[in-house]
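Okay, here's what each chain looks like letter by letter:
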Amino acid sequence: MPPAPIAASDDGAPPAACDLLVVGAGIVGLAVAREALRRRPGLRVAVLEREDAVAAHQTGHNSGVAHSGLYYRPGSLKARLAVEGVEALLAFCAEHGVAHERCGKVVVATRAEELPRLDELERRGRANGVPGLRRLDAAGIRRHEPHVRGLDGLWSPGTGVVDFVGVTRALAADVRARGGTLHLGREVVGAARSDDGVRLRHRPRGASGGARTGPGGPAGDSDVSHARRAIVCAGAWADALAPRGAAPADADVRVVPFRGGYRVLSPEAASLVRGLVYPVPDPDLPFLGVHLTRGVDGEVHAGPTALLVGARDAYRLTRVRRTDLGATVRWPGTWRMARTWWRTAGGEIHRTVSRRAMAAELARMVPELRAHDLLPGPAGVRAQALRRDGGLVDDFVLDHDDRTLHVRNAPSPAATASLALAGEIVDRAEAAFGLEPAQR
Ligand SMILES: Cc1cc2nc3c(=O)[nH]c(=O)nc-3n(C[C@H](O)[C@H](O)[C@H](O)COP(=O)(O)OP(=O)(O)OC[C@H]3O[C@@H](n4cnc5c(N)ncnc54)[C@H](O)[C@@H]3O)c2cc1C
C-alpha cells in the first residue's frame, strides 16, 4: 500500500483554450497526457483534477502490485496491456527512481476443487506470454513461502510491487517538463460540443453544487475551457461525463463502486509472508480474492474485500452519497447482479465486518495466522463497470465519438498496464479524431 497521496504543485487556473484536455490525474490520465506529449511535442495539453492531489482515488488506494498478466482472458486488452505494461512500468520506475521490486508471487490452491482453476490460470498465463511461470507442489510452495501451505501452486516470477503514487507523481512531473499543465482542485462539471472541439465547464472543487458532476450539473460559478479534443480518465466518475444512450451496446455500462477493505498484519505476523501470496480466484468475478502482499514499504496487507457500497469515495464503510447510491440503485444491472451474487456478497460482508472471518479465509493458505494478527487497515474503492444485464465487465472499455474518448472501465490491472494502456488510448484517439494541434 503506497503512502497517502500528497499534493503535487499545480499550474493555477486552467487555460481558456488547449489542444487536448485530459480529465483526471490518476495514473491513467497522467500516462495519457504524457504519451500525447511524447508523440507530439508542443501540443498544448492540460490535465484537470477535482482533488487537490494526484492519485487521490484508486491509484493511491490499491494493493500496489505490478501484475504479470496471469489472470486475463487471452486476446483481451487486459492480457495484452498488462504483459506489455508491467515491463514498461518497472523500467519507468527504475528510470525515475520510484520504489519497486520484482519479488514474484505464489498462487496457492488449498482445495481439490481449485486445481482445475489453477490449471486454467496456468494455461491463460502461458497463452498470454507471461514469462517464467512454474508449477509448484507443496514443497515448492514452502521453498518460496515457508509459512504457506497448499496442495499445488503457481509461481510467477515477473510479478512485483510498486509505489503507484510515486509513479503518478513522476508522470505529473514529466507532463509538466514536456510543457503540459496540471490543474488540481478543478472539477469538470459538463462537456458539450463546440464548432471545432469541446467546451468543458469546470469549477474549483467545493464551489456550489457539492460533488455533483455531469453534463447536466449546475453551471454555478464555473469557468470554461475550449479544447480541440478531450480524453476522460475519471475512474469511479467515468460515466458522469460520458454521453448517455450514445454508447454501443458493449459500452452501455455504469460504474458501480466496490469497496476493498484491507487489514495490516501485526509486525510479529508480518514475518509469516515473504512476498505476494494469492488464492486461486473465482473465474466468474473480476476480483482476485483476499491476498497477502508485502508492499515496497515492507508492510504486509491482507485484502481487499469486495463490497458494493453507497458512495464512489466510500473509504469509510458508512459513507453514503445520495447521487451515487441513486445511480447504482436505478441501474437495472445492479439488481440482476445482486440476484446472481447474493451468496458471494454475504461472504464479503462477513469478511468486511469480522476480522475472524478474514483470518479464517487467509489461514487456509497461512495456517499460523490468527484473527488478532490482523490490525485495522486502509481501503480503496474500485470503479467497476456493470452491464445492463448484470454482468461485471471484465475488460478495459474505451469508447469515443469524433472529439472525445472516454475510458469507461479501467479496473485492475490498469495501474500496472497504465503506460501501455496510455499508448492504446492515444492510438485510438489519433485514429478516431487526430490529436494534431489547432491552427494558431
Ligand atoms: C482496492 C483496489 C486494489 C487494486 N489493486 C491493484 C493492483 O494491485 N495492481 C493494479 O495494477 N491495479 C490495482 N487496482 C486498480 C487500479 O488502482 C486502477 O485500475 C487504476 O488506479 C485506475 O486509474 P485511473 O487513473 O483510471 O483512476 P483513478 O486513480 O481513480 O483516477 C481518476 C481521477 O479522476 C478524477 N476525476 C473524476 N471525475 C472528475 C471530474 N469530473 N473532474 C476532474 N477530475 C475528475 C478523480 O478525482 C481521480 O483522481 C486496484 C484498485 C483498487 C480500488
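Keep in mind that this is a model prediction, so the values were computed, not measured.

What counts, and where the lines are drawn
The residue numbers shown here count from 1 along each chain, following its written sequence. At least 70 in pLDDT is required for a residue's local features to be given in this predicted model, at least 80 for side-chain atom pairs to be given and counted, and no such filter applies to totals for whole chains, interfaces and linings, which use all residues. Here pLDDT means the predictor's own confidence in every residue, given as a number from 0 to 100. C-beta atoms are placed from the backbone for every residue, and two residues are taken to be in contact when these atoms lie within 7 Å. Any two strands with at least two DSSP-identified bridges between them are counted as paired. A run of DSSP states H or I qualifies as a helix once it reaches four residues; a run of E qualifies as a strand once it reaches two. Both are numbered from the N-terminal end. To get an axis, a line is fitted to the C-alpha atoms, and for a helix only the part in contact is used. The angle between two axes follows their N-to-C directions and goes from 0 to 180 degrees. Orientation is classified from the angle alone, with under 35 degrees giving roughly parallel, over 145 giving roughly antiparallel, 65 to 115 giving roughly perpendicular, and any other angle giving oblique. Crossings are sorted by hand: turned counterclockwise from the far helix by less than a right angle, the near helix makes the crossing left-handed, and turned clockwise it makes it right-handed. Following the grouping adopted for this structure description, the nonpolar residues are Ala, Val, Leu, Ile, Met, Phe, Trp, Tyr, Cys and Pro, the charged ones are Asp, Glu, Lys and Arg, and the polar ones are all others, Gly among them. Should the C-beta atom of a residue, placed from the backbone, lie within 6 Å of a molecule or strand, that residue is near it. Here a nonpolar core is just a set of buried residues of the types Ala, Val, Leu, Ile, Met, Phe, Trp, Tyr and Cys, joined wherever their C-beta atoms sit within 7 Å. Counting other C-beta atoms within 10 Å of each residue's C-beta, where C-beta atoms are placed from the backbone, gives the exposure class: buried for 20 or more, exposed for 12 or fewer, partly exposed between. Each residue after the first adds 1.5 Å to the expected span of a helix.

**Student:** Is there a simple way to think about the confidence of the model for the chain in this case?
**Tutor:** The predicted structure's coordinates, where accompanied by low pLDDT, should not be read in detail. On average, residues of the chain carry a pLDDT of 91, and 91% of them reach 70 or more. Per-residue pLDDT stays below 50 along residues 2-7; that stretch engages in 18 contacts with residues further than four places along the chain or on separate chains. Scored below 50 in pLDDT, residues 209-218 shows 21 contacts in the model against residues more than four places distant or in partner chains.

**Student:** Honestly, the sheet that holds strand β4 (residues 100-101) in this entry has me stumped. Any pointers?
**Tutor:** What holds strands together in a sheet is hydrogen bonding between their backbones, with the strands either parallel or antiparallel. Pairing within the open sheet is antiparallel, and its three strands lie in the order β3-β8-β4. Among the strands making up the open sheet, the edge pair consists of β3 (65-66) and β4.

**Student:** Would you take a moment to explain the packing of helix α1 (residues 27-39) against helix α10 (residues 414-432) for this structure?
**Tutor:** A packed helix pair is summarised by two numbers, namely the angle formed by the two axes and the spacing between the axes. With their axes 8 Å apart at the nearest point, α1 and α10 run at an angle of 40° to one another. The pairing of α1 with α10 is recorded here as oblique in orientation. Crossing geometry of α1 relative to α10 is assigned as right-handed. Every residue of α10 that contacts α1 at I27, V28, A31, V32, R34, E35, A36 and R39 is listed here: A414, A415, S418, L419, L421, A422, G423, I425 and V426. Considering only residue class, the contact of α1 with α10 consists of twelve nonpolar, two polar and three charged.

**Student:** Teacher, can you tell me more about the site of the ligand here?
**Tutor:** Taken together, 42 residues form the shell around the ligand, and within it G24, G26, G235, G260 and A414 come nearest. When residues of the shell around the ligand are traced back to their parent elements, those giving at least two are α1, β10 (186-193), β18 (374-387) and α10. Broken down by class, the residue content of the shell around the ligand amounts to 20 nonpolar, 17 polar and five charged.

**Student:** Teacher, can you tell me more about the nonpolar core here?
**Tutor:** The nonpolar side chains of a soluble globular protein tend to be buried with one another. Counting 131 residues, the largest nonpolar core has V32 and L421 as the members making the most contacts within it. Among the elements that make up this core, the one with the highest residue count is α10 (ten residues). Setting aside its immediate chain neighbours within four residues, V32 contacts V22, I231, C233, A422, I425 and V426.

**Student:** Just to check I follow, could you spell out the environment of D252 for this structure?
**Tutor:** The residue D252 is located in the loop between β12 (223-232) and β13 (253-265) in this model. Separated by 143 residues in sequence, D252 and A109 have C-alpha atoms that sit 36 Å apart.

**Student:** I tried to follow α1 on my own but got confused; where do I start?
**Tutor:** Look at α1: 18 Å from first C-alpha to last across 13 residues, which is about the 18 Å you get at 1.5 Å a residue. Turning to α1, the residues buried within the fold contact β1 (17-23), β2 (45-48), α5 (164-177), β12, β20 (404-409) and α10.

**Student:** I'm lost on the pairing of β2 in this one. Help?
**Tutor:** Both faces of the sheet carry side chains from a regular strand, because those side chains alternate between them. Taking every second residue as pointing to the same face, both faces of β2 are buried, with V45 and V47 on one and A46 and L48 on the other. Both β2 and strand β9 (residues 181-183) contribute to a ladder of three bridges, which runs parallel. By the bridge assignment, A46 is partnered in β9 with T181.

**Student:** Would you take a moment to explain the packing of helix α2 (residues 77-96) against α10 for this structure?
**Tutor:** The geometry of α2 relative to α10 is characterised by a closest axis approach of 5 Å and an angle of 115° between their N-to-C directions. Classed by the angle they form, the pair α2 and α10 counts as roughly perpendicular. As α2 runs across α10, the sense of the crossing is right-handed. For the pair α2 and α10, contact is made by L77, L81, A82, E84, G85, V86, A88, L89 and F92 and by T416, A417, S418, L419, A420, L421 and E424, respectively.

**Student:** What am I meant to see in the environment of G85 here?
**Tutor:** You can see G85 is positioned in helix α2. Judged by the 28 C-beta atoms lying within 10 Å of it, G85 is buried. Measuring from C-alpha to C-alpha, the distance between G85 and A414 comes to 8.9 Å, with 329 residues separating the pair along the chain. If we ignore the near neighbours within four places in the chain, the residues touching G85 are T416, A417, S418, L419, A420 and L421.

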